[in-house]
Amino acid sequence: MRNIWTIAKREYNHYFISPLAYVVAFIILLPLGIYFAVIVFATSSQAFSGAPPPDISPITWLFCFLLVFTTPVLTMRLISDEARMGTLELLLTAPIRDFELVIGKWLSALLFILTILAITLIFPIILHFMLVSPGIDQKLFLSAYLGVILVAGAFLALGVGISAIFTNQFAAFFVTFGLFFFLWFLVSLPANLLPGGGDALNYLNMSSHFNEGFNAGNINLSDIVYYISLIALGLFVGTTAIEVRRWR
Amino acid sequence: MIQVTGLTKDYGDRRALHSISFDANQGEIVGFLGPNGAGKTTTMRILTGYMPPTDGTAIVAGYDVVEESLEVRKRVGYLPETVPLYTEMTALDYLKFMADLRHIPDSEERAYETLEMVDLQDRANGYIGNFSKGMRQRVGLAQALIHRPEVIILDEPTIGLDPAQVVEIRNVIREIGKDRTVLLSTHILSEAQQICDRVLIINKGQIVAEDTPENLQSRLVGSQRVVLRVRGDSDELPAKIQKLKGVRDVEAKPDGSVEFEFSAGQDVRPQVAKAVVQAGFDLLEMRPVGLSLEEIFLELTRDNAVEKKSS
């Protein structure tokens, strides 16, 4: 546990001196801010016609949409760059287990996303205290934010796993991005075409677990299990890839 | 402290280590001498728990490198050939990170003490990215010493340094080697001679010789070869010096020079010089031809100038 934290802390600090991490924060926060302003203006102009008050789900939906593009940037170098720089040899000969290294790397990226997510709390706070009376739907708020955390955790775990396979961080980026694009957008296309609805492919669809579950205010055990399974898979792939490096 | 038995490593079809065996004791600096690609780094990576061997066993600080890898890694300090540094960190932060990974209490204080050991305390808060090669090497060495390990493994610790830095690093190694086991690799013969108590010569994944530097030196340089150059026509020179006692293996080179050999401890150079002058030649040059590392390897693998390590 202590080793995981030591690894995560160093890596988390590294994000704050990395220009790419600021670019990621910018790419997430700027569209969210604009989108929020648009929602607020649109709903306030319709308020007299009895339209429902705004809620937080469009913001959390957009956050996850942006994670598809930004999380590969955060994970691409996590392990591949250590391999390229030779520092992986340092970590693999230190008295830490391979899975502690992988979990530490994943945790650092998750903490960085959580930091950005914490900044977005300003949106529900504004809605709750200033615009919507008697306040926003708190159950929806909690389930949507839990959903974002799980989606981010799953993306980042898969990204760390892929980063452990590659020595070139750009190769890691493109493979990670391709996988996320498939899981979030593309997987629903063949699922719709297949006779019988393609249940297995539908289950793989990352966006439907979020949009129809957490972001609609429904916390289902099956959705939680789905994302936790992806996290476990990503971390397992990462640990295995490092073990394979040792044997090569 | 280090006991290696029948260590073998295959990379795919290529065998990098052929069942090597050796040991190293406490307070001993053992040098691993060999050309690039001889298997030095492979051996060191196995001993530090970076990768497992294909066959054979290695016991380091009392623990098996495969079965008890974490215990070994706790007790070994390792400086890889490419010094593993996070260039965006300060020297102090980097060492503090390494100390934290090794669960050292008061990691900041330990980091500072270790920087003093390698004489970098003045640059503790400097970014490693701005350091010279020699300073980086010293930070790498500090990292290997941060937990005061029983066994220290250094892969080419002086490569790429300027002569003054080489002397500095060698002094540090000699100092730390007094009460610990140090295994260091190098492909510089003189370096091994200067700092090591014992030298293992490794070539093509096999240990071809093992002895103290002095013994190796005298065995390897059992005979000395000298090149001789005179003004003008030297056709008759080989025949003249051939007759002298102690002179062997006379050879006329196409460039007009003549080479010969004599046994160490029986220096015939004064007699040769006298004979050359008396025969009416103008002696221009007489100098020893040093045995290069490659020649030593050829020597070692061709005949048994040095007894082969059999165990």
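Going by the structure above, here's the rest.
About the thresholds
- Residues numbered from 1 in each chain as written.
- Chains lettered and ligands numbered in written order.
- Predicted model: local features only at pLDDT ≥ 70, side-chain atom pairs only at ≥ 80, totals over all residues.
- Heavy atoms only, no water.
- Helix = DSSP H or I, 4+ residues; strand = E, 2+ residues; numbered from the N terminus.
- Rg over C-alpha atoms; globule rule 2.2 N^0.38 Å.
- Buried < 20%, exposed > 50% of the residue type's maximum accessible area, 1.4 Å probe, protein only.
- Contact = heavy atoms within 4.5 Å.
- Lys, Arg positive; Asp, Glu negative; His and termini not counted.
- Charge placed at Lys NZ, Arg CZ, Asp CG, Glu CD.
- Areas by Shrake-Rupley, 256 points an atom, 1.4 Å probe, with all protein chains shown as cover.
- Salt bridge = Lys/Arg side-chain N within 4 Å of Asp/Glu carboxyl O.
- Pairing = 2+ DSSP bridges.
- Buried area = accessible area lost by both parts, 1.4 Å probe.
- Polar contact = N/O pair within 3.5 Å; in protein donor to acceptor, adjacent residues only side chain to side chain.
- Axes fitted to C-alpha atoms, helices over the stretch in contact; angles between N-to-C directions.
- Arc of directions from axis to C-beta.
- Core = buried A, V, L, I, M, F, W, Y, C linked by side-chain atoms within 4.5 Å.
- Parallel < 35°, antiparallel > 145°, perpendicular 65-115°, else oblique.
- Left-handed = near helix turned anticlockwise from the far one by under 90°.

Asker: When you look at the overall build of chain A in this model, what are you seeing that I'm missing?
Answerer: Secondary structure summary: chain A contains 13 helices and 0 strands in total. For chain A, the α and β elements follow one another from N to C terminus as α-α-α-α-α-α-α-α-α-α-α-α-α. For 248 residues, the compact-globule estimate of 2.2 N^0.38 gives 18 Å, and chain A sits close to it at 20 Å. Taking the principal axes of its C-alpha atoms as reference, chain A extends roughly 65 × 50 × 30 Å. Here chain A holds 248 residues, and the buried ones make up 52% of them. Relative to all contacts within chain A whose residues are 6 or more apart in sequence, the contacts with residues 24 or more apart total 78%. When the 11 positive and 12 negative side-chain charges of chain A are each reduced to one mean point, those points stand 12 Å apart.

Asker: Just checking my understanding: could you explain the overall build of chain B for this structure?
Answerer: Scanning chain B from N- to C-terminus turns up 11 helices and 14 strands. Taken over the C-alpha atoms alone, chain B extends approximately 80 × 45 × 35 Å along its principal axes. Of the roughly 14,000 Å² of accessible surface on chain B, a fraction of 45% belongs to carbon and sulfur atoms. In chain B, the 37 positive side-chain charges and the 48 negative ones have mean positions that sit 3 Å from each other.

Asker: Explain the pattern of salt bridges to me, please; I cannot follow it from the model alone.
Answerer: Working definition: two side chains of opposite charge can pair if their charged atoms are close together. Residues and elements named next belong to chain B. Counting across every chain of the model gives 29 salt bridges over all chains. Put simply, Glu71 and Lys74 hold a salt bridge, and the shortest N to O gap is 3.3 Å. Of this pair, Glu71 and Lys74 both sit in helix H2 (residues 69–75), 3 residues apart, which is roughly one turn of the helix. Residue Lys253 pairs with Glu251 through a salt bridge whose shortest N-O separation is 3.5 Å. Judged by relative accessible area, Lys253 falls into the partly exposed class, the value being 27%.

Asker: Explain the pairing of strand E7 (residues 151–155) of chain B here, please?
Answerer: All names here are of chain B. Taken across its 5 residues, E7 has 5 buried, putting it largely inside the fold. Here E7 shows two buried faces, one formed by Val151, Ile153 and Asp155 and the other by Ile152 and Leu154. When strand E6 (residues 76–79) meets E7, the two strands line up parallel, connected through 4 bridges. The residue bridging Leu79 from the neighbouring strand is Leu154, located in E7. Taken together, the 5 bridges between E7 and strand E8 (residues 181–186) define a ladder with parallel strand orientation. Each residue of the ladder has a partner; that of Ile153, found in E8, is Leu183.

Asker: When you look at the interface of chain B and chain A in this model, what are you seeing that I'm missing?
Answerer: Where interface size is quoted, it is often the accessible area lost as the parts come together. Listed as interface residues are 27 residues of chain B and, on the opposing side, 23 residues of chain A. Summed over both sides, the interface between chain B and chain A buries roughly 2,500 Å², with carbon and sulfur atoms accounting for 62% of that surface. Where chain B packs against chain A, one counts 2 salt bridges. One salt bridge connects Glu89 of chain A with Arg45 of chain B, and the closest N-O pair in it is separated by 3.0 Å. Inspection of the chain B/chain A interface yields 10 residue pairs in polar contact (both at pLDDT 80 or more).

Asker: Explain unusual backbone geometry here, please?
Answerer: Working note: non-glycine residues mostly have negative phi, and peptide bonds are mostly trans. A positive phi is found at Glu156 of chain B, a non-glycine position, where the angle reads about 50°. The residue Glu156 of chain B is located in the loop between E7 and helix H6 (163–176) in this model.

Asker: Would you mind showing me how to read the sheet that holds strand E9 (residues 198–203) of chain B here?
Answerer: Two modes of strand pairing occur in sheets, parallel and antiparallel, and in both the strands are linked by backbone hydrogen bonds. Residues and elements named next belong to chain B. Read across the sheet, 6 strands follow the order E6-E7-E8-E3-E9-E10 without closing on themselves; strand pairing throughout is mixed. The open sheet terminates on both sides in strands that have one partner only, identified here as E6 and strand E10 (206–211). Averaged over all adjacent pairs, the angle separating strand axes in this sheet is 15°, with direction ignored. Bridge count for E9 against E10 is 5 bridges, and the pairing is antiparallel. Note that in E10 the partner of Ile202 across the bridge is Ile207. This element, helix H1 (residues 40–47), spans strand E3 (29–33), E6, E7, E8 and E9 of the sheet and lies at about 150° to E8. Where helix H5 (residues 133–145) meets the sheet, its contacts fall on E6 and E7, and the angle it forms with E6 comes to roughly 165°.

Asker: Which parts of the structure should I look at to understand helix H7 (residues 122–131) of chain A?
Answerer: Residues spaced three or four apart along an α-helix point in a common direction, a consequence of the helix completing one turn every 3.6 residues. All names here are of chain A. All of the buried residues along H7 are Phe123, Pro124 and Leu127. Here the buried residues of H7 occupy an arc of 100° about the axis, which is enough to place them on one side. Among the exposed residues of H7, those pointing more than 90 degrees away from its buried face are Phe129 and Met130.

Asker: Honestly, the nonpolar core in this entry has me stumped. Any pointers?
Answerer: For soluble globular proteins, nonpolar side chains are generally found buried alongside one another. Counting residues in hydrophobic clusters, the biggest one holds 147 residues, and the most contacted among them are Met206 of chain A together with Phe22 and Tyr94 of chain B. The element contributing the most residues to this core is helix H8 (residues 138–165) of chain A, with 14 residues. Within the second largest apolar cluster, 14 residues are counted, among which are Ile241, Val258, Val268 and Phe281 of chain B.

Asker: Got a minute to help me understand the packing of helix H6 (residues 98–120) of chain A against helix H13 (residues 221–247) of chain A in this structure?
Answerer: Helix-helix packing is characterised by the crossing angle of the two axes and by the distance between the axes. Residues and elements named next belong to chain A. Between H6 and H13, the least distance of the axes is 9 Å, while the angle of their chain directions is 130°. Regarding the angle of H6 to H13, the classification is oblique. The crossing of H6 and H13 is right-handed. Taken together, the residues of H13 that come into contact with H6 (itself represented by Asp98, Phe99, Leu101, Val102, Ile103 and Trp106) are Ile231, Leu235, Gly238, Thr239, Ile242, Glu243 and Arg246.

Asker: What am I meant to see in the packing of helix H1 (residues 2–15) of chain A against helix H3 (residues 91–101) of chain B here?
Answerer: With their axes 9 Å apart at the nearest point, H1 of chain A and H3 of chain B run at an angle of 160° to one another. Taken together, the axes of H1 of chain A and H3 of chain B are roughly antiparallel relative to one another. Here H1 of chain A and H3 of chain B pass one another in a crossing that is left-handed. Residue-level contacts link Asn3, Thr6, Ile7, Lys9 and Arg10 of chain A of H1 of chain A to Phe97, Asp100 and Leu101 of chain B of H3 of chain B.

Asker: Mind showing me how you'd approach the sheet that holds strand E2 (residues 14–24) of chain B here?
Answerer: Residue and element names in this part refer to chain B. Across the sheet, which stays open at both edges, the 4 strands sit in the order E2-E1-E4-E5 with antiparallel pairing between neighbours. The sheet is open, and its two edges are formed by E2 and strand E5 (63–64), each paired on a single side. Relative to E5, strand E4 (residues 55–60) runs antiparallel, the two being bridged by 2 bridges. Directly across from Ile59, in E5, lies its bridge partner Asp64.

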